[in-house]
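# Summary of structural features
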Amino acid sequence: MNFNQLKIFYYVAKHGSLSAAAEALYITQPAVTKQIQNLQEVCGVKLLHRFGKRMVLTDAGNVLYGVAEKIFQLENQAEEVIRDFQQQKRGHIRIDTSESFGAYYLPDIIIPFSKMHPQIRVSAMILPTPQVVERTIRLDNDVGFISYPVGHKKLAVREIMEDRLILIASPTHPFSRREAVEPDDLEGQSFVMHESDSATRNIVDDFLKNHAVSVFMTLELSNNEAIKRAVERGIGLSLISERVARGEIERGTLKAVPLAGVSLMRKFYMIHHREKYLSQPLQVLIETACEWASGHSGLAR
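Residues numbered from 1 in each chain as written. Predicted model: local features only at pLDDT ≥ 70, side-chain atom pairs only at ≥ 80, totals over all residues. Heavy atoms only, no water.

## Some words on the pairing of strand E11 (residues 264-273)
For clarity, the cut-off: Relative accessibility thresholds used throughout: buried, under 20% of the residue-type maximum; exposed, over 50%; partly exposed, between the two (1.4 Å probe, protein chains only). Strands are runs of DSSP state E lasting at least 2 residues, helices are runs of H or I lasting at least 4, and numbering of each runs from the N terminus. Two strands are said to pair when DSSP picks up at least two bridges between them.
In terms of residue burial, E11 counts as a mostly covered element, since eight of its 10 residues are buried. In the sheet, strand E5 (residues 143-146) pairs with E11 via three bridges, with the strands oriented antiparallel. What sits directly across from Gly144, in E11, is Ile271. Strand direction decides the pairing type here: strand E6 (residues 155-169) and E11, joined by 10 bridges, are antiparallel. What sits directly across from Glu162, in E11, is Lys267.

Here it is, written out as structure tokens:
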């Protein structure tokens, strides 16, 4: 077994196909096929089964993949260490973030950082929290921001801030003229909901369940902007981040309706791989995020 064969095997297993591995490694598919054949001959066991265009690991292949993953994670870390010295603290920071944090809070962190460190390129990708977690585990990013806590031995997780959920309504909704509403007043009301299993949706579902309130879900949407537009047009009420709705509330296109005796809070978390090499630029970004968080209203810690 040689390093090149192991790397090709790793990419085939990671991408699940010969063609995708070939594309990622900038070599031909026949070359990939040949190296996989040679590796299996050297090992004396079948490592991959082929089902159409899909390549699936055998039990032996799964064990070898786990070892290979650790080797190439170390290779990535070694490259980052050298790159940090070569570039004299110049570099590229890759951030994955959940939608609400990425759209409404992350700019408050990366814009000041970029002004102070214009030589460092920052790229941010908005993804569902499960994808942010998976990509962080695979070392496909440098740091992630997620909407609920996770427990994984490969991840360092830090609570970064708290955010309050508020009830919003169209200015024409009867609730918009009330000083406050009781949870029981929501019974039978039309609601625009976040998608199932999202952090906000779970909080809302728990709130309704705890108060034995049943509402009619008119729309289920996965985008905050779409939810606000639907509420503005009178489709229903919604429980949404106070920060997300601030602009519309200030302009008068949405009304915030206080819920008597209720405080609904959600939290955001910063994550990175425990074994990831924290380059100097990345350390500065993490410190910037923590400094921002320490001064943010509602921070839990």
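## Notes on the environment of Asn141
Counted only if it meets this: Whether two residues are in contact is decided by their heavy atoms: any pair within 4.5 Å suffices. Residues adjacent in sequence count toward polar contacts only when both atoms are side-chain atoms; beyond that, a polar contact is any pair of N or O atoms within 3.5 Å, and within protein one must be able to donate a hydrogen and the other to accept it.
Tracing the backbone shows Asn141 in the loop between helix H7 (129-137) and E5. Taking the relative accessible area as the measure of exposure, Asn141 reaches 1% and is therefore buried. Spatially, the C-alpha atoms of Asn141 and Val192 are 33 Å apart, while their sequence positions differ by 51 residues. Look past the residues within four positions of Asn141 in its chain and what remains in contact with it is Arg94, Asp96, Val132, Arg135, Thr136 and Lys276. A distance of 3.0 Å separates the side chain of Asn141 from the side chain of Thr136, its partner in a polar contact.

## Observations regarding the pattern of salt bridges
To be explicit about the condition: Note on definitions: salt bridges are taken to be side-chain nitrogens of Lys or Arg within 4 Å of carboxyl oxygens of Asp or Glu.
Going through the model one piece at a time under the given rule, you end up with 19 salt bridges. Two residues, Arg201 and Glu220, come together in a salt bridge whose shortest N-O distance is 2.9 Å. On the criterion of sequence distance, the pair formed by Arg201 in helix H8 (residues 199-210) and Glu220 in strand E8 (residues 216-221) is long-range, its members being 19 residues apart. We classify Arg201 as buried; its relative accessible area is 11%. Linked by salt bridges that have partners in common, Glu225, Lys228, Arg229, Glu232, Glu248 and Arg251 make up one network.

## Details of the environment of Met265
When you line up the elements, Met265 lands in strand E11. On the accessibility criterion, Met265 (33% relative accessible area) is partly exposed. Met265 sits 70 residues away from Glu195 along the chain, and the two C-alpha atoms are 18 Å apart. Those residues in contact with Met265, other than ones at most four positions away along the chain, are Glu162, Asp163, Arg164 and Ile203.

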